[in-house]
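Here are the chains, one letter per residue:
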Amino acid sequence: MARRAAAKPATKAAAGRPPVLGRPDAGKSGDGKSEATKSEATKSAPAKAKRASRKTTPSPETLTELGLERLIGLVLSETARNPTFKKLVTAAVASLQGPDAIAALIDRRLTALERGQGYIDWQKQRAFAADLDAMLTTVVTELAALDPRSALDRLIRFLGGAGDVLGRAEDSSGRIHGVYERAADAAAALIVDLPAEEAAGVAAGLVTRLRADGHGFVETLMHDLIPRLPEGALAPLDAALAEATPPAPEGRTGGQKAWASQLARSRLVRMRQALADRAGDVDAFIAFEQAVSPEQPDRVRIAERLLAASRAAEALDWIRRPQKRGPVVVTREALLTGHFDHDAPERARQAVEIRILDSLGQTEAAQALRWEAFRRNLDPAMLRAYLAKLPDFEDDEALERAFDHAMAHPDRYRALAFLTHWPNSDRAARLVMAHRGSWDGTRYEILAPAAEALERTQPEAAAELYRLLIDSILEHGRSAAYGHAARYLDALDGLTEDPEAYRGTLRRLHGRKAAFWSQVRD
């Protein structure tokens, strides 16, 4: 039937087609059309439009093609909509008249800031910060290019008014604070480019502004300058700081006024200490440290500088001096996890002591300290250093002794982290299973990396940890971690012979947690 139809003269619908010989689909392409028809259609079809160029990102080349008149129109249109952009354009136009014209624009804005009294609430904060940033951009890009010293004077004036501005602004986002930080960086860059004598005068002049520097921008600027100032500027700056430093209080004084005075004195002494450090004057560095913190001088910083000055015996005396425990620096990670490393200061002190002992040739004492540091904290770096100092063929035995100690360590989370990262997966798995059922699933910062590390070689231990993590997340309803729990469940499926058994338990206990199950792969 199909063959006879193919042999008939062409119908209206198939007019112009040549007769088809052989198979009914001969001469046809996959879409049922003959090659001849396709060829004719291709010839008669209009030429395909060229694809539009992708070079539409604004750049010197693409903007040049727009032409001057169109660019002017775009700029004027944006100035009508965007007050901040209008100020930038106005400053650029003013630069054609010279630095005085730009300086006048900036001075008017600085005066307005200094006279302002209204409160800047959160609704106005973004626009206000953008306005400040536009003024700062004008100083840094327009005025500094024409008159660097004039730009520097206005940056210092701007920083001097930071206290008043931030005192009447809601700046929880830190936008306004960030503008002042940028101004301090720009001022430092301009000062270090000045001749030594002029840089010394500017730096000394900043000392008088420290008293009103409630937010620390000028102080930050000074500390940024000290390592970068020309050598000739260091002595005049130290003299200015010494003159401005109030005398130390006699005896113990209390009250807010006394505390503020002591804080101001400490800030100035710290700057003089930084100058002494740059000059390599270790004795002056120590004297300033004792002046600022007579009860708790920083033994580590002092010992490091004595060691660098080839005064190792004095460094050893300092690093071993008894001292009251001071505040512990808390990292962002510690705040997030809630687990603080209280031993960090002691580890830092011990590491310096070991370096000093090595420099004095007291190898056995240094090795004993390394082993003690490892034994207490399971510090892998200390263990590696200890093994590296051992004679040949003694390191294998020492390493096994270290692993045995880790297995018996009272802090099993620290032990698991050590064995995971060394790595010793066999020992880590044995530790996991030895304490099966007693791990705390909230210690994800330890358990999650351990589970991932054990997946390939120790599936049973990895599965145990993944179940702990999932159970903890779901039992505490930590919705932000549901994505992690779903990922752990997916990994768990490949580690157990009957993954559906555990999934069934989860559905029975947590079946209503739709936010979790929506992220689980079937």
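Quick notes on the rules
Each chain has its residues counted from 1, following the order in which its sequence is written. Whole-chain, interface and lining totals are the exception, using all residues; otherwise, since this is a predicted model, local features are given only for residues with pLDDT of at least 70 and side-chain atom pairs are given and counted only at 80 or more. To get the side-chain values, all heavy atoms of the structure are used, and hydrogens and water are removed first. Helix and strand definitions follow DSSP, with helices as H or I runs of at least four residues and strands as E runs of at least two, each counted in order from the N terminus. Any helix carries an expected span of 1.5 Å times its number of residues minus one. Buried residues are those whose accessible area, probed at 1.4 Å on protein chains only, stays under 20% of the maximum for their type, while exposed residues exceed 50% and partly exposed ones sit between those limits. Regarding the arc, it is the one traced by the directions from the helix axis to the C-beta atoms. The contact criterion used is simple: two residues touch if any of their non-hydrogen atoms lie within 4.5 Å. To get an axis, a line is fitted to the C-alpha atoms, and for a helix only the part in contact is used. The angle between two axes follows their N-to-C directions and goes from 0 to 180 degrees. When an angle is under 35 degrees it counts as roughly parallel; over 145 it counts as roughly antiparallel; between 65 and 115 it counts as roughly perpendicular; any other value is oblique. By convention the crossing between two helices is left-handed if the near helix lies anticlockwise of the far one by an angle smaller than a right angle, and right-handed if it lies clockwise. Basically, the charged four are Asp, Glu, Lys and Arg, the nonpolar ten are Ala, Val, Leu, Ile, Met, Phe, Trp, Tyr, Cys and Pro, and anything else, Gly included, counts as polar. In the cavity and pocket records, a cavity denotes points on a 1 Å grid over the protein atoms alone where a 1.4 Å probe fits but cannot get out, a pocket denotes an open set with protein on both sides within 12 Å along at least 5 of 7 lines, and lining residues are residues with an atom within 4 Å of a point. Grid points are joined across faces, edges and corners, and a volume is the space filled by probe spheres set on the points.

Moving on to helix α28 (residues 499–510). Given a rise of 1.5 Å per residue, twelve residues ought to cover 16 Å, and the 16 Å separating the end C-alpha atoms of α28 matches this to within 8%. For α28, every residue scored as buried is listed here: Y502, R503, L506 and H510. When α28 is viewed along its axis, its buried side chains cluster within an angular range of 100° and face the same direction. Looking at the buried residues of α28, the elements they touch are α26 (459–475), α27 (482–493) and α29 (514–517).

To continue, consider unusual backbone geometry. Looking along the chain, the bond that leaves W422 and enters P423 is cis, with omega of 0°. A positive phi angle, close to 60°, is found at S310, a residue other than glycine. By secondary structure assignment, the location of S310 is in the loop between α16 (299–308) and α17 (312–319). Its relative accessible area of 68% is what places S310 among the exposed residues. Even without a glycine there, the phi angle at L378 is positive, about 55°. Mapped onto the fold, L378 is located in the loop between α20 (363–377) and α21 (380–388).

Put simply, helix α19 (residues 344–359) and α20 touch, their axes get as near as 8 Å, and they point 160° apart. Relative to α20, α19 is oriented roughly antiparallel. Considering how the two elements wind past one another, α19 and α20 form a crossing that is left-handed. For the pair formed by α19 and α20, the contact residues are R347, Q350, E353, I354, L357 and D358 on the first element and A365, A366, L369, R370, A373, R376 and N377 on the second. The residue makeup of the contact of α19 with α20, split by class, is six nonpolar, two polar and five charged.

Quick look at empty space enclosed by the protein now. A complete count under the given rule lists one cavity of 30 Å³ or more for this structure. Considered as a void within the structure, the largest cavity measures approximately 60 Å³ in volume. In terms of lining residues, the largest cavity is bounded by L110, L113, E114, R157, F158, G161, A162, D164, V165 and Y180. Looking at the lining of the largest cavity, the elements with two or more residues in it are α6 (99–115), α8 (148–160) and α9 (162–167). For the lining of the largest cavity, a count of residues per class yields six nonpolar, one polar and three charged.

The analysis is restricted to geometry; functional conclusions fall outside its scope.
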